[in-house]
Amino acid sequence: MTWVADSHPRLCVLLSSCLTTRAVGPLVSISGLALLASRLSDRSGQLHSRLPPVRRDSFERRKTTSDFFASLRPARVVDRSIDRTRALRSTALYRELIFLRRNLSSVKRRLRLRFRFRFFLFGMAFVLAGTRFPTLRISRLSAGSGLGGQRRGSSVRLDCVCRKPTMKARASGSSHDIDLVSSTGNVLVPGAENDDLSSTDTSSNIETISSGLQFLPETADLISEEKVDPEAEQTTVASQIISEKTKEEGNVEVEGKPRSIPPPGSGKRIYEIDPKLKGFRGHLDHRYSEYKKMREIIDQHEGGLDKFSRGYEKFGFQRSANGITYREWAPGAKWATLIGDFNNWNPQADVMTKNEFGVWEVFLPNNADGSPPIPHASRVKIRMDTPSGIKDSIPAWIKFSVQAPNEIPYNGIYYDPPDEEKYVFEHPQPNAPKSLRIYESHVGMSSPEPKINTYVNFRDNVLPRIKRLGYNAVQIMAIQEHSYYASFGYHVTNFFAPSSRFGTPDELKSLIDRAHELGLIVLMDIVHSIFDLISSHASNNVLDGLNQFDGTDSHYFHSGSLGYHWIWDSRLFNYGNWEVLRFLLSNARWWLEEYKFDGFRFDGVTSMMYTHHGLAVGFTGNLNEYFGYATDVNAMVYLMLVNDMIHGLFPKAVTIGEDVSVWFDFTNHMQSDIKAVSGMPTFCIPVQDGGVGFDYRLHMAIPDKWIEFMKLKDEDWKIGNIVDTLTNRRWLEKCVAYAESHDQALVGDKTLAFWLMDKDMYDFMALDRPSTPRIDRGIALHKMIRLLTMSLGGEGYLNFMGNEFGHPEWIDFPRGDQHLPNGVIVPGNNNSFDKCRRMFDLGDADYLRYRGMQEFDQAMQHLEEEYEFMTSEHQYISRKNEGDKMLVFERGDLVFVFNFHWANSYFDYRIGCLKPGKYKVVLDSDDKLFGGFNRIDHTAEYFTNEGIYDNRRCSLSVYAPSRTAVVYALAD
């Protein structure tokens, strides 16, 4: 090992500074970089064990959220005076450090460092540049998180927990930040290797991710929650180390089978899937190398992605047998204290201590009678002295928060219900279906009555409806707590808390368990994105959310204009921040682990993947737009990590990404050869193969195309244009197709039904009244559009609740008058819920035409369930006739015939097919049951003729009425 300290005077100054402080430990300079021994950390209290199942009907007797909040009362104040002590240094740790000292005696002689038992870094962190010291055996301990500092203690026995040294990252002087892209925004491609690096273990070599990346070693503090006999401490610590190591080495099990996150692959298969990507190999290889480096860093210094994604077991409120520990990452705060009902909101009662990594902590021992120091349902907040002043905030990792009646701010709730109220799941999670048929829903507006619906009502009334309609998945919006109801759930304030508007966390669990009982998988609309035109993201609310949590604007988000979007009043996550990665990865896992969700629809992924967030950008199909300087590599690495974690630990889980980086040349909408691109390449390729790792992408070009056609005359609809849009999918990348988005149902926009039938829907939908040409056309095309979207648009299908029967009303959230800063008043709707509901009774009424539209949607879902045509590899389009307005194609074993002509019906119309035999009608949009004119004879048999027709082996003659879709299948 060659010393080059003389060539680095700045390094020598820093080392000299360390000698005058409490900083100790071996500092080794290798090519101007240094290795600093890492620290040990504490471990949080053990989580509660699972309790016996609770009957689901018991939740029907629960109080409402308002009653729940009204029941909150200040807890009795208990004298919890305790002796705060430092954790004693273990003999085992001492031996490790002496061993390290002897092996690095040359370091001591050269730099004249004094070894101490506690590591405290002052000034600057030093980079681990690929060299591992074999003598540092304490690295086998479990990963920590930098949670040092003073702890509370009491007069009972101490349980000490040692953890493996964990490296924290810093970039550009901001602690915990990891920048995978240079400050100029250009994508950096790694250059030649450093010849000065040397190591005895190549598996531990880690290159610096960027020129500004450094690691902050954690201190070796141990938690001392209670007084302990020094004679017994060595045995306690040693046993804890052994048990922790044994626990880590075992894989997590699910249903008796071990589950683990696979190591990164080669990342090269994407070039076999799409050879055009070879021209962008530099960018893609760099992206994958950054992902692999991040995996290595997490594996070596956090104990692996499995452990790293369990931040909720360390931060927030952690209950143990001896009391409650509360931790919060707030590096910008200068002082912090925990306040709430439990201590009469006394800011001096439970003052927190801060370690050098900005983590605040306080331990509250149990009361004298053994009861927990914070009663269930107590209101809690953290008060901090920040650069922007004194502020009370809801803990970032809070599991439940409630808005009191007639109050604006939310209150964090310590949620730890009695054993008899804790819900335990009774039914296993279903396997992911081969083809997804998703019913997108919003709990709050799922009632026919003008009110906010509840988890319990949704469980008992809406879930059976979804099952009956033939869907196999329910996607629920607005689960994460959001202070602004009208944000559709996209202004998230509390990421780990289910929305209290709809009920309690246990009631949400009962909802999900009931869905599993019905065989439905439950997907959560999760918000981890920054800004996007379609959706808002982390709320700008400084009272309830993460914005300026520690008094700075660069805590969880980018600082300055980079971290704020004024159009949607939203904050933009900094995916290069170490603790942001921990927070978001843990958040995704929390919902899967605690609530048994079966997957996610990730909102606004486009805004994450690009520095321009997809705003005012016209994607032209040039691959440079996906793999250029505008790509946010930090965000791409996060998306790869979260998909890796989800699919490794939850093999059944499904991930869907909302990628809107598609483009269509609308100026050529009359041309059948319309140019189109289908989003970020490799988006739905497994991470091990070099992809981003999603299972599906939302085919967002389809609803935009149908809106475009709504503005055209029937004669201007181009069949080729429709087909190109629906089939524009990348090979081996699955899509979820949908005819219309939930945004179209909002006030100011139009659903397809409203585009097609407009105000006639209010007067001519009763069967005892004559119809109108607009109604007849609207109902016919509504059914055809939905069937065509499902049958040709992707491997999955999505419908927003109520659209299956053409819900006539838009969604208008309750809102009051808004007074803008310029004096303009935007009128509200008098806080009315009248338009914020779904009138399912319209689809059920047998005297309304809505019933026929709903029946058709149900028949369409059951047809797919029987024939599984969406996931069939066989797909062939045999006819696109612009003159006849006819479209014929095969998907699976079915033949689909669409006649979009507004007037012409065709008798003995010959169509091609692959398989010979006798065919029958299995679905007919003109069926009287579906509100049609019953022009197709369902008892007729259709026999094929041999001979090539439309490039098919066989053909048959059918009757194709105008504005009708008919599906044929072999009768045998």
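The name an unreviewed UniProt entry assigns to the chain is 1,4-alpha-glucan branching enzyme, from the organism Zingiber officinale. Its UniProt record gives the chain the following Function (unreviewed entry) comment, quoted word for word: "Catalyzes the formation of the alpha-1,6-glucosidic linkages in starch by scission of a 1,4-alpha-linked oligosaccharide from growing alpha-1,4-glucan chains and the subsequent attachment of the oligosaccharide to the alpha-1,6 position."

Remarks on the overall build of the chain
Helices and strands together make up the secondary structure of the chain, namely 19 helices and 42 strands. Out of the 972 residues belonging to the chain, those deemed buried represent 60%. Surface summary for the chain: the accessible area is close to 37,200 Å², and the carbon and sulfur share equals 50%.

Observations concerning the pairing of strand β18 (residues 473–477)
For β18, the tally of buried residues reaches 5 of 5 residues, placing the bulk of the element in the interior. Along β18, one buried face is formed by A473, Q475 and M477 and the opposite face, lined by V474 and I476, is buried too. When strand β17 (residues 436–442) meets β18, the two strands line up parallel, connected through 5 bridges. In the sheet register, I438 faces β18, and the bridge partner there is A473. In terms of handedness, the path from β17 via helix α9 (residues 455–469) over to β18 forms a crossover that is right-handed. By the bridge criterion, 4 bridges tie β18 to strand β21 (residues 521–526) in an arrangement that is parallel.

Here's the deal with α9
Given 3.6 residues per helical turn, the α-helix brings residues three or four places apart onto the same face. The terminal C-alpha atoms of α9 lie 20 Å apart, and with 15 residues this matches the ideal 21 Å at 1.5 Å per residue to within 8%. The axis of α9 is deflected most strongly, by about 35°, at V462, and proline P464 appears within four residues downstream. The elements touched by buried residues of α9 are β17, β18, β20 (494–498), α10 (505–517), α18 (840–844) and α19 (850–867). Just beyond α9, the residue with positive phi is G470, at close to 100°.

Quick word on the pairing of strand β10 (residues 335–340)
In terms of residue burial, β10 counts as a mostly covered element, since 5 of its 6 residues are buried. Both β10 and strand β13 (residues 378–386) contribute to a ladder of 6 bridges, which runs antiparallel. Bridging from a neighbouring strand, A336 pairs with M384 of β13.

Notes on the pattern of salt bridges
Pairing of side chains with opposite charge becomes possible as their charged atoms draw close. Inspection of the entire model under this criterion finds 46 salt bridges. The shortest N-O distance in the salt bridge between E864 and R437 comes to 2.7 Å. With E864 in helix α19 and R437 in strand β17, the pair connects residues that are 427 residues apart, well separated along the chain. On the basis of relative accessibility, which here comes to 0%, the residue E864 falls in the buried class. For D460, the salt bridge goes to R459, with nearest N and O atoms at 2.8 Å. D460 gets classed as partly exposed once you look at its relative accessible area, which sits at 34%. R459 gets classed as buried once you look at its relative accessible area, which sits at 1%. Put simply, D306, R310, E313, R589 and E593 are held in one network by salt bridges that share partners.

What to know about the side chain of R952
Relative to the helices and strands, R952 resides in strand β41 (residues 952–960). By relative accessible area, which is 8% here, R952 ends up buried. Excluding its chain neighbours within four sequence positions, the residues that come into contact with R952 are H874, Y876, S878, E890, G912, C913, L914 and G947.

Regarding the packing of aromatic side chains
Using the criterion set out here, one finds 45 aromatic pairs in the structure. Pairing F907 with Y959 gives two aromatic rings, centres 4.4 Å apart and planes at 15°, and the pair type is stacked. Placement of the pair is F907 in strand β37 (residues 906–913) and Y959 in strand β41, with a sequence separation of 52 residues. Positioned above the aromatic ring of Y595 is the side chain of K509, whose terminal nitrogen or guanidinium carbon lies 5.4 Å from the ring centre.

Side note on the sheet that holds strand β39 (residues 942–943)
Two modes of strand pairing occur in sheets, parallel and antiparallel, and in both the strands are linked by backbone hydrogen bonds. One open sheet accounts for 6 strands, arranged β34-β35-β36-β42-β38-β39; its pairing is antiparallel. Here the strands that pair on one side only, and so sit at the sheet edges, are β34 (875–881) and β39. Direction of pairing for strand β38 (residues 918–924) relative to strand β42 (residues 964–970): antiparallel, over a ladder of 5 bridges. Looking at the pairing, K920 lines up with A969 of β42. Contacts from helix α15 (residues 719–727) reach β34 and β35 (886–891) within the one sheet, and its direction differs from that of β34 by about 160°.

Details of the environment of V637
Looking at the element boundaries, V637 is found in helix α13 (residues 633–649). On the accessibility criterion, V637 (2% relative accessible area) is buried. Taking the C-alpha atoms as reference points, V637 and R287, separated by 350 residues in sequence, lie 7.3 Å from one another.

Remarks on the packing of helix α7 (residues 281–302) against helix α11 (residues 578–594)
Running from N to C, α7 and α11 cross one another at 85°; their axes reach a closest spacing of 13 Å. Comparing the axis directions of α7 and α11 gives the class roughly perpendicular. Along the contact surface, α7 presents M294, I297, I298 and E302, while α11 presents W578, L581 and R582. Of the residues in the contact of α7 with α11, the class split is 5 nonpolar, no polar and 2 charged.

Observations concerning the confidence of the model for the chain
With 69% of its residues at a pLDDT of at least 70, the chain reaches an overall mean of 77. In the predicted structure, residues 68–251 sits below a pLDDT of 50 and forms 487 contacts with residues beyond four places in sequence or in another chain. Confidence drops under a pLDDT of 50 for residues 530–541, and excluding neighbours within four residues, the segment shows 70 contacts in the predicted structure.

A short note on the side chain of R963
Along the chain, R963 turns up in the loop between β41 and β42. By relative accessible area, which is 18% here, R963 ends up buried. Not counting chain neighbours up to four residues away, the residues in contact with R963 comprise D714, R777, A780, L781, M784, N899, H901 and W902.

Digging into the packing of α9 against α19
Between two packed helices, the angle of one axis relative to the other and the distance separating the axes together describe the packing. The interhelical angle for the contact between α9 and α19, taken along N-to-C directions, is 65°, at an axis separation of 8 Å. Considering their axes alone, α9 and α19 lie roughly perpendicular with respect to each other. In this structure, α9 contributes R465, R468 and L469 to the contact, and α19 contributes Q854, D857, Q858, Q861 and H862. Tallied by class, residues from the contact of α9 with α19 come to 1 nonpolar, 4 polar and 3 charged.

What counts and what doesn't
- Residues numbered from 1 in each chain as written.
- Predicted model: local features only at pLDDT ≥ 70, side-chain atom pairs only at ≥ 80, totals over all residues.
- Heavy atoms only, no water.
- UniProt positions renumbered as here; feature names shortened; annotations may be inferred.
- Helix = DSSP H or I, 4+ residues; strand = E, 2+ residues; numbered from the N terminus.
- Buried < 20%, exposed > 50% of the residue type's maximum accessible area, 1.4 Å probe, protein only.
- Areas by Shrake-Rupley, 256 points an atom, 1.4 Å probe, with all protein chains shown as cover.
- Pairing = 2+ DSSP bridges.
- Right-handed = clockwise from strand over helix to strand, strands pointing away.
- Expected span 1.5 Å × (residues − 1).
- Bend = angle between axes of the 7 residues up to and from the residue.
- Contact = heavy atoms within 4.5 Å.
- Salt bridge = Lys/Arg side-chain N within 4 Å of Asp/Glu carboxyl O.
- Phe/Tyr/Trp six-rings, centres within 6.5 Å; stacked < 30°, edge-to-face > 60°.
- Lys NZ or Arg CZ within 6 Å of the ring centre and 35° of its normal.
- Axes fitted to C-alpha atoms, helices over the stretch in contact; angles between N-to-C directions.
- Parallel < 35°, antiparallel > 145°, perpendicular 65-115°, else oblique.
- Nonpolar A, V, L, I, M, F, W, Y, C, P; charged D, E, K, R; others polar.
- pLDDT = per-residue confidence, 0-100.

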